[in-house]
Each structure stands twice: as C-alpha cells, then as structure tokens.
Amino acid sequence: GKSVLSGGLDALEFIGKTTMNVLAESDPGFKRTKTLMARTVSLSQLLREAKEKEKQRRAQQLTVERTAHYGLLFDEFQGLSHLEALEILSNESEAQIQSYLATLDEEQLEPVKKDLIAIKEIFLPKESDDEVLQAQKADMGEEFVSMLTELLFELHVAATPDKLNKARKKAHEWLEEASFSTPVDIEEKLKEKPGEHDEEKTGKEDKIDSDKTEVDKNKTVEEIYMLSIESLAEVTARCIEQLHKVAELILHGQEVEKTAQDQAKVLTNLTSAMCNEVSSLSKKFSDSLTAAGSSMKAEILNPIINCVLLEGCNSTTYIQDAFQLLLPVLQISHIHTSCPKAQE
C-alpha cells in the first residue's frame, strides 16, 4: 500500500509539472505572472531586468526611434529609483522591528504584537462588490487634486503633490489633444471631396488619397499609443515618488500627531485615489485609440488597446505594491512613538 501511494503521488507530480510547462509554453505571460505571485524577487528588480532586456534589444536595432516601452520610461521618470529607495526603507524598518521584538519578553511582546497586527489588518485588501468598484473608478476630474492635497494634509507630514498633479495635468492635456486628432475631421473632409473634385479625376488618384488618409490615421493611433504609455509611466512614477516621500517624512520628519492606525487608513484612501486615477487614464487613452483607429482592422488595433489597458492594470499593481512597502515603516514608527527606547 505504501509503494502504491508513493507511486501515485509521483505520477501526480509528473502530470502537474508537465501541465505547468505546457501552460507556460502556450501563454508567454504565464511565467511573468507566476514570478510576480511567487514574490521571489523585489518589484524594482523585475522592472529593472525588463528595462535592461529592452535596452539590449533596442541596441541591436539600426534605427533610433521614439520609445514607447513602459519600463524605460518609468525609469526615465525616476520611478525605479524611488521604488528601490522605498524598498530599502521598508527592509530597514522590518529589520528594526524584528530586532526590537527579539529584546522583549513574552509579557511585553503580546501588546506590541497586537498593535502591529492591528496596523497590518488595515493594509489588507478589502473585498467590495462590483457597484462599489465602479463608483470608485469613476472619473474624479479636478476632485482628484483637492482630495490628494487633503489626504496628505491629514497625514500631518510636509508633503505636497505638486509633481504628481503636474504629470496628471499634462496627461489630460494630451488626452484633449488626442480627441481633436481623431479621424472625425478626416471623414468630414472626405464627405466634401466629391464636390471639390473634377469628374475627370481617375480611380488611381482616388486610391492615392485613400492611402494617404489611412497613413494619417495610423500615425494618429501610433502617437496616441506613445502618449498613453508615457503618461501612465510618468503618473505612476510620481505616485510612487509621493509614497516614498511620505515614508521618509513618517520616519524622519516632524513629530507624528496621528496614530499609526489613523495614518494607515489615510494612506489606504490615498493609494486608492492614485489607482483610480491611473485606471481612469488608461481607459480614456484606450477610448481615444478606439476612436482614432475606427477604420483599422481589429487584429491590428485591438492588441494596441489591450497593451494600454494592461499597462494601466500593471500601474495600479505597482502603486499597490509600493503601498504595501509602507507597512513596516508605519509599524516601526508606532514602536518609536509608543516606546522611545526602541530608537536606541
């Protein structure tokens, strides 16, 4: 019976491994998803590796063209630098927490662990129904700016969202420009052309004009795509920069007037507002691409739109991961506040 059981488990393990390999080969994104879920490496390391691979690929190309690679642009806007700095602060805070807990006896440890767990529970993602999610993801417009400022003020840290607001404003200005560069104007001109052209115009000339119109449309789609990736990369980088600055101020700034639990609640709302804004941007850019490429074939346009939506989802994931890095920062801040001797 033992040998039969052992052999059966070996067979199941072999089948499982084979299935995973088949999935990985058929789905290029499976390996990346598996790696992210496993959390074997830091987020900044994954982004840096992706950026280096893209640099190597572009170095082999003879022509130099404007880049629309998210990783490269995210690094250009110092997103990687702030993410790495935030990871360092988080790791150092975690080490300090473990070092402090090791000095406590069982009676002293219990209330401290209770407080740390209470802070951690606030950081856990909350389940919400579809209607609430849709309401959260609704476009906030200029309310986002005032909400961001108000939330940072509630933290009682000297942080202002100037860079983030500037990046957001630029992204929305580009969206307005994109709305004026859709093929609507081109189609109106095409409607006027029959009256303007002579009857003697040949079918060959008609074909040239049609081809030119199609090139113009494709160019518009390409430009909107580049602007969308650049906007998402910049806004996400500024969000992570904002969270990094907040972490530094919590650790090394002025005396904290709010409890760590209250700060955690404010940071949760702040992160939610950032994620909603990024999601709204990706949706608006995808709508602009849909309008600009209305005459393009679905197999050409859909991958471009899906790429923008995917980077929008990735951006919210990066912001949420950066938010999770703040947990040890708030926990050690609480320890320093409740027990000043811990700073020694």
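On a predicted model such as this, the values are computed, not experimentally measured, just so you know. (Residues numbered from 1 in each chain as written. Predicted model: local features only at pLDDT ≥ 70, side-chain atom pairs only at ≥ 80, totals over all residues. Heavy atoms only, no water.)

Caption draft 1: Quick peek at the confidence of the model for the chain. Residue-level pLDDT values for the chain average 76, and 65% of them are 70 or greater. The low-confidence segment residues 22-40, where pLDDT is below 50, has 11 contacts with residues more than four positions distant or belonging to other chains. Across residues 184-202, where pLDDT falls below 50, the model places 11 contacts with residues more than four positions away in sequence or in other chains. (pLDDT = per-residue confidence, 0-100. Contact = heavy atoms within 4.5 Å.)

Caption draft 2: How the structure looks around the nonpolar core. Core analysis: the largest hydrophobic core is formed by 66 residues, its most contacted members being Phe74, Phe123, Leu267, Leu270, Met274 and Leu326. When residues of this core are assigned to their parent elements, the largest contribution, 14 residues, is made by helix 11 (residues 203-252). For Phe74, the residues in contact, after removing those within four places along its chain, are Leu47, Gly79, Leu80, Ala233, Thr236, Ala237 and Ile240. Formed by 8 residues, the second largest nonpolar core is a distinct cluster that contains Leu101, Leu104, Leu116 and Ile335. (Core = buried A, V, L, I, M, F, W, Y, C linked by side-chain atoms within 4.5 Å. Buried < 20%, exposed > 50% of the residue type's maximum accessible area, 1.4 Å probe, protein only. Helix = DSSP H or I, 4+ residues; strand = E, 2+ residues; numbered from the N terminus.)

Caption draft 3: Up close: the side chain of Ser90. By the secondary structure assignment, Ser90 is in helix 5 (residues 79-101). The buried category is assigned to Ser90, whose relative accessible area is 5%. Those residues in contact with Ser90 that sit more than four places away from it in its chain are Leu325, Pro328 and Val329.

Caption draft 4: How the structure looks around the environment of Glu277. Relative to the helices and strands, Glu277 is located in helix 12 (residues 260-292). With 45 residues separating them along the chain, Glu277 and Leu232 place their C-alpha atoms 10.0 Å apart.

Caption draft 5: Summary view of a negative patch on the surface. A surface patch of negative charge is lined by Asp105, Glu106, Glu107 and Glu110. Within the secondary structure, Glu110 is located in helix 6 (residues 106-123). Judged by its relative accessible area of 53%, Glu110 is exposed. (Patch = residues over 30% accessible without salt bridge, like charges linked within 9 Å, V, L, I, M, F, W, Y side chains within 5 Å. Areas by Shrake-Rupley, 256 points an atom, 1.4 Å probe, with all protein chains shown as cover. Salt bridge = Lys/Arg side-chain N within 4 Å of Asp/Glu carboxyl O. Lys, Arg positive; Asp, Glu negative; His and termini not counted. Charge placed at Lys NZ, Arg CZ, Asp CG, Glu CD.)

Caption draft 6: Here's a closer look at the pattern of salt bridges. Inspection of the entire model under this criterion finds 6 salt bridges. Among the salt bridges present, the one from Lys170 reaches Glu234, with a minimum N-O distance of 3.0 Å. Of this pair, Lys170 sits in helix 9 (residues 162-180) while Glu234 is found in helix 11, placing the two residues 64 residues apart along the sequence. A salt bridge links Arg238 to Glu241, with the nearest nitrogen and oxygen atoms 3.0 Å apart. Pair noted here: Arg238 and Glu241 are both in helix 11, with a separation of 3 residues, about one helical turn. By the burial criterion, Arg238 is buried, and Glu241 matches it. When salt bridges that share partners are traced, they join Lys163, Arg238, Glu241 and Lys245 into one network.

Caption draft 7: A look at the packing of helix 6 against helix 14 (residues 326-338). At a minimum axis separation of 10 Å, helix 6 and helix 14 run at an interaxial angle of 150°. The angle between helix 6 and helix 14 places the two elements in the roughly antiparallel class. Here helix 6 runs over helix 14; the crossing is right-handed. Across the interface between the two elements, Asp115, Leu116, Ile119, Lys120 and Phe123 from helix 6 touch Leu326, Leu327, Leu330, Gln331, His334 and Ile335 from helix 14. Residue composition of the contact of helix 6 with helix 14, by class: 7 nonpolar, 2 polar and 2 charged. (Axes fitted to C-alpha atoms, helices over the stretch in contact; angles between N-to-C directions. Parallel < 35°, antiparallel > 145°, perpendicular 65-115°, else oblique. Left-handed = near helix turned anticlockwise from the far one by under 90°. Nonpolar A, V, L, I, M, F, W, Y, C, P; charged D, E, K, R; others polar.)

Caption draft 8: Just the packing of aromatic side chains, in detail. Counting across every chain of the model gives 4 aromatic pairs. Taking the centre distance of 6.3 Å and the plane angle of 50° together, the rings of Phe74 and Tyr318 count as tilted. A residue pair is termed long-range when its members are at least 10 positions apart, and Phe74 in helix 4 (residues 70-76) and Tyr318 in helix 13 (residues 298-324) qualify at 244 residues. Of the two residues, Phe74 and Tyr318, neither departs from the other in class, the shared state being buried. For the pair Phe123 and Phe323, a centre-to-centre distance of 4.5 Å together with 10° between the ring planes defines the contact as stacked. (Phe/Tyr/Trp six-rings, centres within 6.5 Å; stacked < 30°, edge-to-face > 60°.)

Caption draft 9: Region of the structure containing the environment of Leu101. Checked against the element boundaries, Leu101 lands in helix 5. Placed 12 residues apart in sequence, Leu101 and Lys113 show a C-alpha to C-alpha distance of 8.5 Å. Not counting the four nearest positions on each side in its chain, Leu101 is found in contact with Leu109, Val112 and Leu116.

Caption draft 10: Helix 6, seen in detail. A rise of 1.5 Å per residue sets the reference length of helix 6, with its 18 residues, at 26 Å; its end C-alpha atoms lie 26 Å apart and thus fit the reference within 8%. Within the sequence span of helix 6, burial applies to Val112, Leu116, Ile119, Ile122 and Phe123. Taken down its axis, helix 6 places every buried residue within 120° of arc, on the same side. Those residues of helix 6 that are exposed and angled more than 90 degrees off the buried face are Glu106, Glu107, Glu110 and Lys114. Contact partners of the buried residues in helix 6: helix 5, helix 12, helix 13 and helix 14. Measuring from the backbone nitrogen of Glu107 back to the side-chain oxygen at the start of helix 6 gives 3.2 Å, which picks out Asp105 as the cap. (Expected span 1.5 Å × (residues − 1). Arc of directions from axis to C-beta. Polar contact = N/O pair within 3.5 Å; in protein donor to acceptor, adjacent residues only side chain to side chain.)

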